[in-house]
Amino acid sequence: MSWWTPQVEATLIAMVQAVVILLVVVISGALLSMVERRLLALWQDRYGPNRVGPFGLLQIAADMIKIFFKEDWIPPFADRTFFVLAPAIAMASLLLSFMVIPITPNWGVADLNIGILFFFAMAGINVYAVLFAGWASGNKYALLGALRASAQTLSYEVFMGLAVMGIVAMTGSFNMRDIVNAQENVWFIVPQFFGFCTFIIAGIAVTHRHPFDQPEAEQELADGYHIEYSGMKWGMFFVGEYIGIVLMSALLVTLFFGGWHGPLLPPIVWFLLKTIFFVILFVLLRAALPRPRYDKVMNFGWKVCLPLTLVNLLITGAMILLIDPAT
Amino acid sequence: MQIAFYLSGLVAILATLRVVTGTHPVHALLYLIVSLIAVAMVFFALGAPFAGALEIIVYAGAIMVLFVFVVMMLNLGESAVEQERAWLQPKAWVGPAVLTAVLLIVMIVTLVSGDYSGTISGETLTAKMVGISLFGPYLVIVELAAMLLLAALVAASHLGRSDAHDEADLARDRQRELSEQAQASARPARETPIDASQDTRSTQEGKA
């Protein structure tokens, strides 16, 4: 056993951690489809899928069997390369973003010193999934959905970055572990309340969730950019959206709600509890809010949220200089 | 780090070559995105993660999206591919290629003869260092760039302003309509031929 050095052990542990995080994220993303339908039903005073297995828990198995065995059809008028590439980008870019999220003091995949910037880079790449899907489908509705999606995502990513910059200025680092450690006494939701408000709005818009789901608006666009997709390619968009919800919830917890910090319970439990809270909040938003008109969404982003984040950043900078002018 | 640098550099060069030689506009853009990501990887390998991350966020994530956006809106078909192929004749690219070859020779000679002592994996530049140099020695350039962007923003918002423009157009149209009505009522003698022509037009439409 001469090859069993501490280095090998550390590498193996890191690999196992990465695989476990990947599996948990993908499985919880898939399970969320059932959870969301049950929760929506609860709030809308009906039952939802409760026939398959106890409490409808096996509904996800039925759905998965259906998705896997559906005919995987590529339309003859589609651009094959882009048509196949788009769902892969949709899922891969979001899964890669989980790399930078610190789950507990010891758990996490990568400890990058550009941390949060890596997430913004992946969110930027994620736009192409929708754009390529819409164009490659060769379908008017799909193209319209893709155009809406890219315009919306670009607009909202601008102030999503600015909303976090207040936190970066207060921490003095892009590193996610430093950001969590800086929240040991006070969570960043208190000093960065406006940053939190704008970040959660931008987060919903970037994942194309209700009430910012104009790209797929069923009533007008008949499902938007993934209208021509079937089988597992559509499934990847579908699961990708839920992975986006889990990712945004985990990011909100890490950036504004102190990550793993919390009294009594172990860190992993705190992280999971907070993340589940935000996932449920995402579902509740879908149940409660109507969909605004597309131009209103764009106006709101540029005329309300962007100035708000700029003022927030300005005040944060002034306060940092006032309190601690030396650094 | 050296392997990462050379591999991503190779990917960047190959992808950029495909951007130039490709005939399908959207496929060429995909290669350009790959090329930009490869350049970001080069930055990472050189120890400048902040520049690498910004390369992906700004170039691959925002500017290229606008390129793809516009090309997709143009809905280029087979004719565009033919046109691109026609533009790739040797007489179109020989001139620039010769000039760039001269530059390449100059660079190779400089690299071989000069006392070049830099290494690929240097020290890592943090975001803080980039910020200090941006707002220290290069402050004037940053401010000038900000002014330029502000001017572009004002111009774009002026061009995109639709409400006031539409209202002015509507008012002008209404005025023209009113003056035409006034002219028509001032000359009642002309009413009959106009009516006749309208009648014939309506019958033609009925036949069609």
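Residues numbered from 1 in each chain as written. Chains lettered and ligands numbered in written order. Predicted model: local features only at pLDDT ≥ 70, side-chain atom pairs only at ≥ 80, totals over all residues. Heavy atoms only, no water.

## Some words on the side chain of Ser155 of chain A
Residues and elements named next belong to chain A.
Part 1 of the reasoning: Within the secondary structure layout, Ser155 lies in helix H5 (residues 140–171).
Part 2 of the reasoning: Ser155 sits in the buried class, given a relative accessible area of 4%.
Part 3 of the reasoning: At 2.6 Å, the side chain of Ser155 and the backbone oxygen of Ala151 are in polar contact.
Part 4 of the reasoning: If we ignore the near neighbours within four places in the chain, the residues touching Ser155 are Met298 and Trp302. (Helix = DSSP H or I, 4+ residues; strand = E, 2+ residues; numbered from the N terminus. Buried < 20%, exposed > 50% of the residue type's maximum accessible area, 1.4 Å probe, protein only. Polar contact = N/O pair within 3.5 Å; in protein donor to acceptor, adjacent residues only side chain to side chain. Contact = heavy atoms within 4.5 Å.)

## Looking at the UniProt feature "transmembrane region" (unreviewed entry) in chain B
Part 1 of the reasoning: The feature "transmembrane region" (unreviewed entry), as annotated in UniProt, sits at residues 28–49, 56–74, 94–114 and 135–156 of chain B in this numbering.
Part 2 of the reasoning: The distance from the first to the last C-alpha atom of residues 135–156 of chain B is 27 Å, and the span holds 82% helix and 0% strand. (UniProt positions renumbered as here; feature names shortened; annotations may be inferred.)

## Comments concerning the pattern of salt bridges
All names here are of chain A.
Part 1 of the reasoning: Scanning all chains against the criterion turns up three salt bridges over all chains.
Part 2 of the reasoning: In this structure, Arg286 and Glu36 form a salt bridge, with 3.1 Å as the shortest nitrogen-oxygen distance. Within this pair, whereas Arg286 is found in helix H10 (residues 267–288), its partner Glu36 is found in helix H1 (residues 6–43), the two being separated by 250 residues in sequence.
Part 3 of the reasoning: Take Glu36: its relative accessible area is 1%, and that puts it in the buried class. (Salt bridge = Lys/Arg side-chain N within 4 Å of Asp/Glu carboxyl O.)

## Section: the interface of chain B and chain A
Part 1 of the reasoning: Opposite the 24 residues of chain B that make contact, chain A presents 22 residues.
Part 2 of the reasoning: Both faces combined, the contact of chain B with chain A buries some 2000 Å², and carbon together with sulfur accounts for 84% of it.
Part 3 of the reasoning: Of all residues in chain B, the largest losses of buried area upon contact with chain A belong to Val65, Phe69 and Met72 of chain B, amounting jointly to 27% of the total for that side.
Part 4 of the reasoning: At the boundary of chain B with chain A, the tally comes to zero salt bridges.
Part 5 of the reasoning: Taken together, the links from chain B to chain A amount to two residue pairs in polar contact (both at pLDDT 80 or more). (Buried area = accessible area lost by both parts, 1.4 Å probe.)

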